[in-house]
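Listed below, chain by chain, are the residues.
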Amino acid sequence: MSVIEARGLTKKFGDFTAVDAISFEVAPGESFGLLGPNGAGKSTTMRMIGGTSLRTDGTLTVLGLDPETHGPEVRASLGVVPQQDSLDEELRARDNLIVYGRYFGLPMDYLKPKADELLEFAQLTEKANAKVSALSGGMKRRLTIARGLVNEPRILLLDEPTTGLDPQARHILWDRLFRLKEQGVTLVLTTHFMDEAEQLCDRLVVIDHGRIVAEGAPQALIRQYSTREVVEVRFGSARNAEMEGVLREMTDRIEVLPDRILLYDDAGEALLDEINRRGLNPLTSLVRRSSLEDVFLRLTGRSLID
Amino acid sequence: MSDTGVMAPIRERLGRRPAQFGGLYAGNARAVIERGFRVIRTQNWGVIATGFFEPVFYLLAMGMGMGALVGAVPGPDGQPISYAMYIAPALLATSAMNGAIYDSVNNVFFKLRYSKLYEGMLQTSLGPLDVALGEIFMALFRGLLYAIGFLAVITAMGLVTSWWALAMIPVALLIALGFASLGMAVTSFMKSFQQLDLVPVVLLPMFLLSATLFPITVYPEPLQWGIMALPLWHGVELMRQLSVGYFDGETLGHVAYFVVMSVIGITAASLRLRQLFLR
Ligand SMILES: Nc1ncnc2c1ncn2[C@@H]1O[C@H](COP(=O)(O)OP(=O)(O)OP(=O)(O)O)[C@@H](O)[C@H]1O
Ligand SMILES: [Mg+2]
């Protein structure tokens, strides 16, 4: 049985349709990704799963319950890390964890050691008694993530969890998420970092304009929507446009980005040799394997890092 | 899959809750109140003190200053009383109103839109009703502190003459409850900070007209009826009667007005909870 099941899930703000009849299922213990450009409807979907945004249409069950009519019960099993930190600015860091645990109805004798453990995980032990307003952006993010774990959730909703984290903090989080996954926790996450999606997601959907445009495992999506290899060449902003015509002749699909041109081809090295043989002289060039970023570009026509 | 772990008993309790609450109430407003007291403990007391000093300053300026010009005025029972005695109970009623409106409109709107406090609360097992009840309780608690402080000041100044004045404290809470619950319902319709500016546009004339600083008999009769329909006038009259321990047939009417207003306010706020918290 799925832990999350959405059928025709729709959210309208006035006349504007933010989420347009999407359907998906998430299996227990799976880690499921929502990818999509800014404004695609990812956060709105996350909020509907937590029952904090009312859907306009469709059905949704989380652990077999409708989050709209059973919000408190559903959220008892949910850990929510929203895109924008919703920390309690009037409380200190440690109190944020304890008070948040109290909202779940958790007892103090559980929360005190738990808060210390989570502070350590967030590397905020020294800041335990600091006011939230005195924390840096990344520290607030870490505290928000730690807070989402206080009720030992079965499903963790992570909306761009690592935005604003330094590389070390990001790897600590990934490590923790892997361990939670081993314990059977279901992960639902959005991210704009494709390496993160490839690392963490068993399966993902790409959303654009509130609709699901592709679904599958990261590797399967890459095979389906991109070539095995990609050649990236730069000619400098002046020459990129004039090169487009020549390059388009050389392979099936190219993408012209503001700073570089991508050529999709299963045999990248051979293609690059050909480019050099013709004396096109790119300023820089490289051959790499296709990634989710290429899938994203193909499906949404937009580069992920806006 | 058997349910284990620290949340198991909580999930079990929430699962047994009657369905009519429709996911709005988890029976844990206590946690919101606990948070309120934790904030008060860490807050600097200056913030809290301002709410106390406002009516005191009014009393000093108007009661002492204007009072020197006005002299004695007829009290609720027709006996002459000093002008300060006349306005002190009215200022208590007004401060109960202002505090309640500030907490249920400005504060709630800010916490919804800007500080994201309620967003954080509602990511947990709390329901909107838990949040609303907890916040109204905290507003009433602050109102209680102000009322006690103000009553102590006016008692020390000799402006109350009856033990009935002690009842001004629960009455201040009743006034606050009426305004806070209705205020929360009104907030659910607010979309922008500009709309909040409309609140003083309503409250200030009500304060000036509601027999706070002079009797409403100065107005033509139709306007008097209009003022008597407003809540603050009932609060002011009730407080004034309590301050001297004089009651008449209207006393219960004033109390009933606020009881009805609170029932309507709580009902309206409950019906608007989804629109208020779950946008
Ligand atoms: N409260 C709201 N009122 C009106 N429109 C909204 C509201 N919340 C979101 N929207 C709109 O819904 C659309 C989807 O927003 P959402 O936050 O879900 O996007 P997202 O996929 O999370 O984007 P991002 O990657 O930028 O976080 C956007 O066009 C946004 O403007
Ligand atoms: Mg988002």
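Not measured: the values here are computed from a predicted model.

Some details on the overall build of chain A
At step 1: When helices and strands are counted, chain A shows 11 helices and 13 strands.
At step 2: A principal-axis box enclosing the C-alpha atoms of chain A has dimensions of 75 × 45 × 35 Å.
At step 3: For chain A, with 306 residues in total, the buried portion stands at 56%.
At step 4: A separation of at least 24 residues holds for 66% of the contacts in chain A among residues at least 6 apart in sequence.
At step 5: Carbon and sulfur atoms form 48% of the exposed surface of chain A, whose accessible area is close to 12700 Å².
At step 6: The averaged location of the 47 negative side-chain charges in chain A is 3 Å from the averaged location of its 38 positive side-chain charges.

Some points on the overall build of chain B
At step 1: Summing up its helical and strand segments, chain B has 13 helices and 2 strands in all.
At step 2: Oriented by its inertia axes, the alpha-carbon framework of chain B measures out at about 80 × 40 × 35 Å.
At step 3: Taking all 279 residues of chain B together, the buried fraction comes to 51%.
At step 4: For chain B, the proportion of contacts with a sequence separation of at least 24, taken over those separated by at least 6, is 76%.
At step 5: Element-wise, carbon and sulfur atoms account for 71% of the exposed surface of chain B, whose accessible area totals about 12600 Å².

Topic: the interface of chain A and chain B
By a widely used convention, the size of an interface equals the accessible area lost when the partners come together.
At step 1: If you look at the interface, chain A gives 40 residues, while chain B gives 38 residues.
At step 2: Counting the surface lost from both chain A and chain B, the interface buries some 3300 Å², and carbon and sulfur atoms represent 55% of this.
At step 3: Scanning the region where chain A abuts chain B turns up 4 salt bridges.
At step 4: In this structure, the salt-bridge partner of aspartate 88 of chain A is arginine 35 of chain B, at a minimum N-O distance of 2.6 Å.
At step 5: Where chain A touches chain B, the interface holds 15 residue pairs in polar contact (both at pLDDT 80 or more).
At step 6: When residues in the side of chain A that touches chain B are grouped by element, the largest group, 6 residues, is from helix H3 (residues 93-103) of chain A.
At step 7: Grouping the constituent residues of the side of chain A that touches chain B by class yields 15 nonpolar, 11 polar and 14 charged.

Here's the deal with the coordination of the magnesium ion (ligand 2)
Residue and element names in this part refer to chain A.
At step 1: Bound to the magnesium ion (ligand 2) on the protein side are Ser43 (OG) and Gln83 (OE1), at distances that span 1.9 to 2.0 Å. Here serine 43 is found in helix H1 (residues 42-49), whereas its partner glutamine 83 is found in the loop between strand S5 (78-81) and H3, with 40 residues between them in sequence.
At step 2: Classification of serine 43 as buried rests on a relative accessible area of 16%.

Comments concerning the nonpolar core
At step 1: Formed by 133 residues in total, the largest nonpolar core has its most connected members in Leu143 and Leu292 of chain A together with Ile154, Phe179 and Phe277 of chain B.
At step 2: If one sorts the elements of this core by residue count, helix H4 (residues 83-113) of chain B sits on top with 18 residues.
At step 3: The contacts of isoleucine 154 of chain B, once residues within four sequence positions are left out, are Leu59, Ala88, Leu159, Val160 and Met168 of chain B.
At step 4: Counting residues in hydrophobic clusters, the runner-up holds 24 residues, among them Ala6, Leu60, Ile155 and Ile207 of chain A.

Quick notes on the site of ligand 1
Residues and elements named next belong to chain A.
At step 1: Around ligand 1 sit 15 residues, and of these Gly39, Lys42, Ser43, Thr44 and Gln83 come closest.
At step 2: A distance of 2.9 Å separates an oxygen atom of ligand 1 from a polar side-chain atom of histidine 192.
At step 3: Per-element tally for the shell around ligand 1: the top contributor is H1, with 4 residues.
At step 4: Each residue belonging to the shell around ligand 1 can be placed in one class, and the counts come to 5 nonpolar, 7 polar and 3 charged.

What about the packing of H3 of chain A against helix H5 (residues 137-147) of chain A?
Residues and elements named next belong to chain A.
At step 1: With their axes 10 Å apart at the nearest point, H3 and H5 run at an angle of 25° to one another. Considered as vectors, H3 and H5 are oriented roughly parallel to each other. Crossing handedness for the pair H3 and H5: right-handed. Along the contact surface, H3 presents Ala93, Asn96, Leu97 and Tyr100, while H5 presents Leu143, Ala146 and Arg147.

So, the environment of threonine 50 of chain B
All names here are of chain B.
At step 1: Checked against the element boundaries, threonine 50 lands in helix H3 (residues 45-70).
At step 2: Since its relative accessible area comes to 53%, threonine 50 is described here as exposed.
At step 3: Remark: the alpha-carbon pair of threonine 50 and tyrosine 146, spanning 96 residues in sequence, is separated by 9.7 Å.

Points about a nonpolar patch on the surface
Residues and elements named next belong to chain B.
At step 1: Nonpolar side chains collect at one region of the surface, where Phe53, Phe57, Leu60, Met64 and Met157 lie side by side and expose about 460 Å² of accessible area between them.
At step 2: With respect to the helices and strands, methionine 157 occurs in the loop between helix H6 (128-156) and helix H7 (168-187).
At step 3: When its relative accessible area of 31% is taken as the criterion, methionine 157 is described as partly exposed.

Observations regarding unusual backbone geometry
At step 1: For leucine 63 of chain A, which is not glycine, the phi dihedral falls at a positive 50°.
At step 2: Tracing the chain through its elements places leucine 63 of chain A in the loop between strand S4 (57-62) and helix H2 (71-76).
At step 3: Given the relative accessible area of 27%, leucine 63 of chain A is considered partly exposed.
At step 4: One non-glycine residue, alanine 211 of chain B, lies in the positive phi region at around 60°.
At step 5: Here alanine 211 of chain B is to be found in the loop between helix H9 (198-209) and helix H10 (221-228).
At step 6: Classification of alanine 211 of chain B as buried rests on a relative accessible area of 1%.

Some remarks on the packing of H3 of chain A against helix H2 (residues 29-42) of chain B
In a packed pair of helices, the relevant descriptors are the angle between the two axes and the axis-to-axis distance.
At step 1: It is at 8 Å that the axes of H3 of chain A and H2 of chain B come closest, and there the two elements cross at 155°. The angle between H3 of chain A and H2 of chain B falls in the class roughly antiparallel. When the axes of H3 of chain A and H2 of chain B are compared, the crossing they make is right-handed. Two secondary-structure elements touch here, H3 of chain A through Asp95, Ile98, Val99, Arg102 and Tyr103 of chain A and H2 of chain B through Ala31, Val32, Glu34, Arg35 and Arg38 of chain B.
At step 2: Classifying every residue of the contact of H3 of chain A with H2 of chain B by side-chain character gives 5 nonpolar, no polar and 5 charged.

A few points about the confidence of the model for chain B
All names here are of chain B.
At step 1: Overall, the predicted model of chain B reaches an average pLDDT of 90, with 97% of residues at or above 70.
At step 2: Mean pLDDT across the elements of chain B bottoms out in H3 (82) and peaks in helix H11 (residues 231-244) (95).
At step 3: Two summary scores accompany this predicted model of the complex, namely pTM at 0.89 and ipTM at 0.87.

Observations concerning the pairing of strand S10 (residues 229-234) of chain A
All names here are of chain A.
At step 1: By the criterion of burial, S10 is predominantly enclosed, with 5 of the 6 residues buried.
At step 2: As judged from the 5 bridges shared by S10 and strand S12 (residues 261-265), these two strands associate in the antiparallel manner. The residue bridging valine 233 from the neighbouring strand is isoleucine 261, located in S12.
At step 3: Two strands pair when backbone bridges link them, and S10 and strand S13 (residues 284-289) are joined in this way by 6 bridges, in the antiparallel orientation. Within S13, the position partnered with arginine 234 by the bridge is threonine 284.

Calculation rules
Residues numbered from 1 in each chain as written. Chains lettered and ligands numbered in written order. Predicted model: local features only at pLDDT ≥ 70, side-chain atom pairs only at ≥ 80, totals over all residues. Heavy atoms only, no water. Helix = DSSP H or I, 4+ residues; strand = E, 2+ residues; numbered from the N terminus. Buried < 20%, exposed > 50% of the residue type's maximum accessible area, 1.4 Å probe, protein only. Contact = heavy atoms within 4.5 Å. Areas by Shrake-Rupley, 256 points an atom, 1.4 Å probe, with all protein chains shown as cover. Lys, Arg positive; Asp, Glu negative; His and termini not counted. Charge placed at Lys NZ, Arg CZ, Asp CG, Glu CD. Buried area = accessible area lost by both parts, 1.4 Å probe. Salt bridge = Lys/Arg side-chain N within 4 Å of Asp/Glu carboxyl O. Polar contact = N/O pair within 3.5 Å; in protein donor to acceptor, adjacent residues only side chain to side chain. Nonpolar A, V, L, I, M, F, W, Y, C, P; charged D, E, K, R; others polar. Donors = N, O, S within 2.8 Å, 3.2 Å for Na, K, Ca; no water. Core = buried A, V, L, I, M, F, W, Y, C linked by side-chain atoms within 4.5 Å. Near = heavy atom within 4 Å. Axes fitted to C-alpha atoms, helices over the stretch in contact; angles between N-to-C directions. Parallel < 35°, antiparallel > 145°, perpendicular 65-115°, else oblique. Left-handed = near helix turned anticlockwise from the far one by under 90°. Patch = residues over 30% accessible without salt bridge, like charges linked within 9 Å, V, L, I, M, F, W, Y side chains within 5 Å. pLDDT = per-residue confidence, 0-100. Pairing = 2+ DSSP bridges.

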